[in-house]
Amino acid sequence: MANVEQRVIAVTARVLRVDPQEIKPEQAFASDLGAESVQSVELVAMFEEEFGIEMDEDSALSVQTVGDAVRYITQVCHEQDVEV
Amino acid sequence: MTNVTKSYPLVDATAPNLIEETFDYSLPPRIRFDGPIVEYVDGQPVQFDPRELANRDIFITDTTFRDGQQARPPYTIDQMVRIYDYLGQLGGPRGVIRQTEFFLYTHNDRETLDRCRALGHKYPECTGWIRADKGDFRLVQQAGLKETGVLTSCSDYHIFHKLKFSSRRQCLDSYCAIVDEAFAHGVRPRCHLEDVTRADIDGFVLPYVERLMRMSEQVPEHLSAKIRLCDTMGFGLSFPGAELPRSIPKLIYKLNRELGVPGARLEWHGHNDFHKVHINGATAWLYGCDALNTTLFSTRERTGNPPLEGAIIEYIALRGELCGIRTAVITELADYMRSIGVPIPDNYPFVGRAFNTTRAGIHAGGLRQDERIYNIFDTAQLLGRPPRVAITDKSGADGVAHWVNEYFGLKGDQRISKIKMHKVARWVLDQYEQEHRMSAITDEELEAKVRELMPEHWAKHKGHAGSPA
């Protein structure tokens, strides 16, 4: 089964329509990967769906990079007893 | 290089200062003054203390049925009675809307007057309007009115070119004869000084008003002449330092303080030919004129009179309390006026369909966090009109979230996160990016999409998800 980072990258690639091979943990969703306002919201919604979690809107939308998203989602999964 | 005369260090803070003594969200923002205004009249400084406004009995008068009706096909009797009833409710028991004036010439005019008075409102008091014709006082007397407006034009444009008097003295004597006739009939004359902002103030206006004051000393107080200052072409100026005859401060000073016309007998009637109509009216209040003459939604030929609803909001802002005014009636009146064909532009303050609607996503984001950021006051409470967001390509997810939450009537913690609305936000964006749409999304379209793309929320807040559209 893919780990959290692989799943985050897969979702990001699908929503932003970029090659998953080009997505790196240090990249920022907006400035490096081109996520626009509505796409940022779609990303959070798709992460929630992918991991079966509920995220706080403001906290989730303040996450800047792919690596930060991996850490934040891992933390939320633990808090909500979701196995990853 | 400009000399720096003072330095302002940052006053750091970790909590916001929302200046709530002025911006109390439950009311229109207060108009507060911190000192007197100095105006130079005839080269001498004179002071006006606007803080006295809080203690003066300033009020609003209405001419929707007279001047306002000259702009349009006549209202029906039923329409006028309905509007009068609304005015009574709006102005409240303290008579903030103190008077409204009627034509008296036709059977319909008189029936309207009778039916309005039969409603039993103490305010607004019904007054008349007649031409400067002695015979017309019979109409006023027969109608049982205590006061009537009388047209007494003041500028030489009117005196010589319109009314064809051969001299100012002949004109003044003619006007005074009419006023005498009013006194004789037991009717208070309200002398409408037409075109006063284009008149010779020292040469005609002041001598005329001085004579009216002397005549009024000979009759009981309730008959003493009132003075309506008619800025017929909208030439009046509010700026300190402006010259007569256009200066509103100087004009009121001369009548009020030099000739002793009490503020309660001074009324300002403006026109909007230069976009100054509302502020000129408020300026008249400020400098000593107690009555501000208005029409609902500024209806009038050409560019309009001071808007009554604007004067209401100004009144509350100056007073700092509602004073018995029922502000929600403003919205009811606007809905009614639209229903009888009176056009009100979408961006018209306080009542236009879009007056508190934002289209920018960044503003919608502010509204979503705290509606005070982009709403002028609590428009939901005072006008029954919560702030809204019109959905376009600029609205973003914040705009969609604001629209949806308002649509479902959700506040505070009940509000749905914009994350849950991503499909609706995507549909909106695709309308512009994929479909190349050029118009705003209508409420009906968005309602249908919310129902389709957020069925669980629809079911929870609007009924059963499976029910037919």
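It should be noted that the structure appears before, not after, this text.
Attention here is on the structure that accompanies the text. (Residues numbered from 1 in each chain as written. Chains lettered and ligands numbered in written order. Predicted model: local features only at pLDDT ≥ 70, side-chain atom pairs only at ≥ 80, totals over all residues. Heavy atoms only, no water.)

Some remarks on the packing of helix H7 (residues 248-258) of chain B against helix H8 (residues 277-287) of chain B
Residue and element names in this part refer to chain B.
Then, in step 1: Two numbers describe how H7 lies on H8: the axes approach to 9 Å, and their chain directions differ by 35°. As for the relative orientation of H7 and H8, their crossing is right-handed in sense. Here Ile-248, Pro-249 and Ile-252 of H7 come into contact with H8, specifically with Asn-280, Thr-283, Ala-284 and Tyr-287.
Then, in step 2: Within the contact of H7 with H8, the residues separate by chemical class into five nonpolar, two polar and no charged. (Axes fitted to C-alpha atoms, helices over the stretch in contact; angles between N-to-C directions. Helix = DSSP H or I, 4+ residues; strand = E, 2+ residues; numbered from the N terminus. Left-handed = near helix turned anticlockwise from the far one by under 90°. Contact = heavy atoms within 4.5 Å. Nonpolar A, V, L, I, M, F, W, Y, C, P; charged D, E, K, R; others polar.)

Comments concerning the interface of chain A and chain B
Then, in step 1: If you look at the interface, chain A gives 13 residues, while chain B gives twelve residues.
Then, in step 2: Summing both sides of the interface, chain A and chain B together bury roughly 1,100 Å²; the carbon and sulfur share of this comes to 59%.
Then, in step 3: Sorting the residues of chain A by area buried against chain B places Val38(A), Val41(A) and Glu57(A) first, and these three jointly supply 50% of that buried surface.
Then, in step 4: Counting across the interface, chain A meets chain B through three salt bridges.
Then, in step 5: The partner of Glu48(A) in a salt bridge is Lys420(B), and the shortest N-O contact between them spans 3.1 Å.
Then, in step 6: Here chain A and chain B share five residue pairs in polar contact (both at pLDDT 80 or more) between them.
Then, in step 7: Mapped onto the side of chain A that touches chain B, the elements with two or more residues apiece are helix H2 (37-51) and helix H3 (57-62) of chain A.
Then, in step 8: Sort the elements by how many residues they give to the side of chain A that touches chain B and H2(A) lands first, with nine residues.
Then, in step 9: Split into classes, the residues belonging to the side of chain A that touches chain B amount to six nonpolar, two polar and five charged. (Buried area = accessible area lost by both parts, 1.4 Å probe. Salt bridge = Lys/Arg side-chain N within 4 Å of Asp/Glu carboxyl O. Polar contact = N/O pair within 3.5 Å; in protein donor to acceptor, adjacent residues only side chain to side chain.)

Structural notes on the environment of Met454(B)
All names here are of chain B.
Then, in step 1: In this structure, Met-454 sits in the loop between helix H15 (443-453) and helix H16 (455-462).
Then, in step 2: Judged by relative accessible area, which is 2%, Met-454 ranks as buried.
Then, in step 3: Placed 33 residues apart in sequence, Met-454 and Met-421 show a C-alpha to C-alpha distance of 7.3 Å.
Then, in step 4: Once residues lying within four places of it in the same chain are set aside, the contact partners of Met-454 are Val-404, Ile-416, Lys-420, Met-421, Val-424 and Lys-449. (Buried < 20%, exposed > 50% of the residue type's maximum accessible area, 1.4 Å probe, protein only.)

Quick word on unusual backbone geometry
Residue and element names in this part refer to chain B.
Then, in step 1: Between Tyr-123 and Pro-124 the backbone carries a cis peptide bond, its omega angle lying at -5°.
Then, in step 2: Mapped onto the elements, Pro-124 comes out in the loop between helix H2 (107-118) and strand S5 (125-130).
Then, in step 3: Of note, the bond from Leu-244 into Pro-245 is cis; its omega dihedral lies within 30 degrees of zero at 10°.
Then, in step 4: By the secondary structure assignment, Pro-245 is in the loop between strand S8 (226-230) and H7.
Then, in step 5: The phi dihedral of Ile-19 falls on the positive side, at around 50°, and the residue is not glycine.
Then, in step 6: Mapped onto the elements, Ile-19 comes out in the segment before strand S1 (37-41).
Then, in step 7: Although it is not a glycine, Asp-195 adopts a positive phi angle of roughly 60°.
Then, in step 8: Along the chain, Asp-195 falls in the loop between strand S7 (188-193) and helix H6 (201-216).

So, H8(B)
All names here are of chain B.
Then, in step 1: For H8, a buried count of nine out of eleven residues is recorded, marking the element as mostly surrounded by other parts of the structure.
Then, in step 2: When H8 is considered as a whole, its buried residues turn out to be Val-277, Asn-280, Gly-281, Ala-282, Thr-283, Ala-284, Trp-285, Leu-286 and Tyr-287.
Then, in step 3: Two residues or fewer after H8 comes Gly-288, characterised by a positive phi angle close to 125°.

Details of the sheet that holds S5(B)
Then, in step 1: An order of S3-S4-S5-S6-S7-S8-S9-S10 (chain B) is seen for the eight strands of this closed barrel, with the pairing classed as parallel. Direction aside, neighbouring strands of the sheet carry axes that sit 25° apart on average. (Pairing = 2+ DSSP bridges.)

Section: the side chain of Arg338(B)
Then, in step 1: Position of Arg338(B) relative to the elements: it lies in helix H10 (residues 328-339).
Then, in step 2: Beyond its immediate stretch of four places on either side in the chain, Arg338(B) contacts Ile344(B), Val351(B), Gly352(B) and Arg353(B).

Some points on the pairing of strand S2 (residues 44-48) of chain B
Residues and elements named next belong to chain B.
Then, in step 1: Two strands pair when backbone bridges link them, and S1 and S2 are joined in this way by five bridges, in the antiparallel orientation. Its bridge partner lying in S2, Ile-37 is registered against Phe-48.
Then, in step 2: Counting the residues in the hairpin turn of S1 and S2 gives two residues, including Asp-42, whose phi is positive at 50°.

Describing the packing of helix H5 (residues 168-184) of chain B against H6(B)
Residues and elements named next belong to chain B.
Then, in step 1: Axis separation between H5 and H6 bottoms out at 11 Å; the angle between their running directions is 25°. Judged on the interaxial angle alone, H6 and H5 are roughly parallel. Between H5 and H6 lies a crossing of right-handed hand. Judged by residue contacts, Arg-168, Cys-171, Leu-172, Asp-173, Tyr-175, Cys-176, Val-179, Asp-180 and Phe-183 of H5 engage Gly-203, Phe-204, Pro-207, Tyr-208, Arg-211, Leu-212, Met-215 and Ser-216 from H6.
Then, in step 2: Per-class residue counts for the contact of H5 with H6 are eleven nonpolar, two polar and four charged. (Parallel < 35°, antiparallel > 145°, perpendicular 65-115°, else oblique.)

A look at the environment of Arg30(B)
All names here are of chain B.
Then, in step 1: Along the chain, Arg-30 turns up in the segment before S1.
Then, in step 2: On the basis of relative accessible area, Arg-30 is assigned to the partly exposed category, the value being 31%.
Then, in step 3: C-alpha separation for the pair Arg-30 and Phe-183, spaced 153 residues apart in sequence, amounts to 42 Å.
Then, in step 4: Setting aside residues up to four positions removed in sequence, Arg-30 forms contacts with Glu-21, Thr-22, Ala-317, Leu-318, Arg-319 and Gly-320.

Some words on the pairing of S8(B)
Residue and element names in this part refer to chain B.
Then, in step 1: Extensive coverage of S8 is indicated by the burial of five of its five residues.
Then, in step 2: Of the pairings in the sheet, the one linking S7 to S8 comprises four bridges and is parallel in character. Each bridged residue has a counterpart across the sheet, and for Cys-191 the counterpart in S8 is Ile-227.
Then, in step 3: The parallel pair S7 and S8 is bridged by H6, and the resulting crossover is right-handed.
Then, in step 4: Pairing analysis gives four bridges linking S8 to strand S9 (residues 266-269), with the strands arranged parallel. In the sheet register, Arg-228 faces S9, and the bridge partner there is Glu-267. (Right-handed = clockwise from strand over helix to strand, strands pointing away.)

Some thoughts on the pattern of salt bridges
Then, in step 1: Applying the stated rule across the entire model yields 39 salt bridges over all chains.
Then, in step 2: Between Arg426(B) and Glu42(A) there is a salt bridge whose closest N-O contact spans 2.8 Å. Within this pair, whereas Arg426(B) is found in helix H14 (residues 422-433), its partner Glu42(A) is found in helix H2, the two belonging to separate chains. In terms of burial, Arg426(B) and Glu42(A) fall into one category: buried.
Then, in step 3: Residues Asp195(B) and Arg198(B) are paired through a salt bridge, measuring 3.1 Å at the closest nitrogen-oxygen approach.
Then, in step 4: For Asp195(B), a relative accessible area of 0% puts it in the buried group.
Then, in step 5: Overall, Arg198(B) belongs to the partly exposed group, its relative accessible area being 26%.
Then, in step 6: Where salt bridges share partners, they join Arg66(B), Asp67(B), Glu101(B), Glu147(B), Arg190(B), Lys226(B), Arg228(B) and Glu267(B) into one cluster.

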